[in-house]
Amino acid sequence: MSRGDMLLHIAMHGTYHRGNIGVILQKNGIEPNADRLTDFLAAERTLEAA
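Our subject in this report is the structure included herewith. Owing to the predicted nature of the structure, the values given are computational and were not obtained by experimental measurement. (Residues numbered from 1 in each chain as written. Predicted model: local features only at pLDDT ≥ 70, side-chain atom pairs only at ≥ 80, totals over all residues. Heavy atoms only, no water.)

## A closer look at the overall build of the chain
Put simply, the rule reads: Secondary structure counts use DSSP, requiring at least four H or I residues in a row for a helix and at least two E residues in a row for a strand, with both numbered from the N terminus. C-alpha atoms define the radius of gyration in this analysis, and the globule rule sets the expected value at 2.2 Å times the number of residues to the power 0.38. For the exposure calls, accessible area comes from a 1.4 Å probe over protein chains only, and a residue counts as buried if that area is under 20% of its type's maximum, exposed if over 50%, partly exposed in between. Here the Shrake-Rupley method, with its probe set to 1.4 Å, supplies the accessible areas, and only the displayed protein chains count as covering residues. In this charge count, Lys and Arg are treated as positive and Asp and Glu as negative; neither His nor the chain ends contribute. By convention, the charge on Lys lies at NZ, on Arg at CZ, on Asp at CG and on Glu at CD.
What the chain contains, in helices and strands, is two helices and zero strands. In terms of overall dimensions, the chain is more spread out than a globule: its C-alpha atoms have a radius of gyration of 15 Å, far above the 10 Å expected for 50 residues. For the chain, the C-alpha atoms occupy an extent of roughly 40 × 35 × 10 Å along the three principal directions. Scored against the burial criterion, the 50 residues of the chain give a buried share of 2%. Carbon and sulfur atoms make up 61% of the accessible area of the chain, which totals about 4800 Å². Side-chain charges in the chain split into 5 positive and 6 negative, and the spacing between the mean points of these groups amounts to 5 Å.

## A short note on helix H1 (residues 3-27)
What counts, and what does not: In this analysis, the expected span of each helix is defined as 1.5 Å times one less than the number of residues it contains.
With 25 residues, H1 ought to run about 36 Å at 1.5 Å a step, and its terminal C-alpha atoms sit 37 Å apart, in line with that. Phi turns positive, to about 75°, at Gly 29, one or two residues after H1.

## Quick notes on helix H2 (residues 37-49)
Taking 1.5 Å of rise per residue, the 13 residues of H2 would be expected to cover 18 Å, and the 18 Å separating its terminal C-alpha atoms lies within 8% of that figure. Where burial is concerned, little of H2 is hidden: zero out of the 13 residues are buried.

## Details of a nonpolar patch on the surface
Stated precisely, the cut-off is as follows: Each patch is assembled from residues with relative accessible area greater than 30% and no salt bridge, linking like charges that lie within 9 Å and nonpolar side chains (Val, Leu, Ile, Met, Phe, Trp, Tyr) that lie within 5 Å. By definition, a salt bridge exists where a carboxyl oxygen of Asp or Glu is found within 4 Å of a side-chain nitrogen of Lys or Arg.
Judged by side-chain polarity, Leu 37, Phe 40 and Leu 41 come together as a nonpolar surface patch covering roughly 300 Å² of accessible area. Following the sequence through the fold, Leu 41 ends up in helix H2.

## Remarks on the environment of Phe 40
Its location among the elements puts Phe 40 in helix H2. Note on Phe 40: relative accessible area 48%, which makes it partly exposed. C-alpha separation for the pair Phe 40 and Ala 50, spaced ten residues apart in sequence, amounts to 16 Å.

See below:
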């Protein structure tokens, strides 16, 4: 497994778990928060610009 493969696995593995947690919440009548990478990246850019 290359370094790139390992980094991709690490990045995608969290997505898998967030999806599972979202399903569990929905099955229990709880609407999960929006989980958007684009919102995170925009917030990071705002912090870097300050």
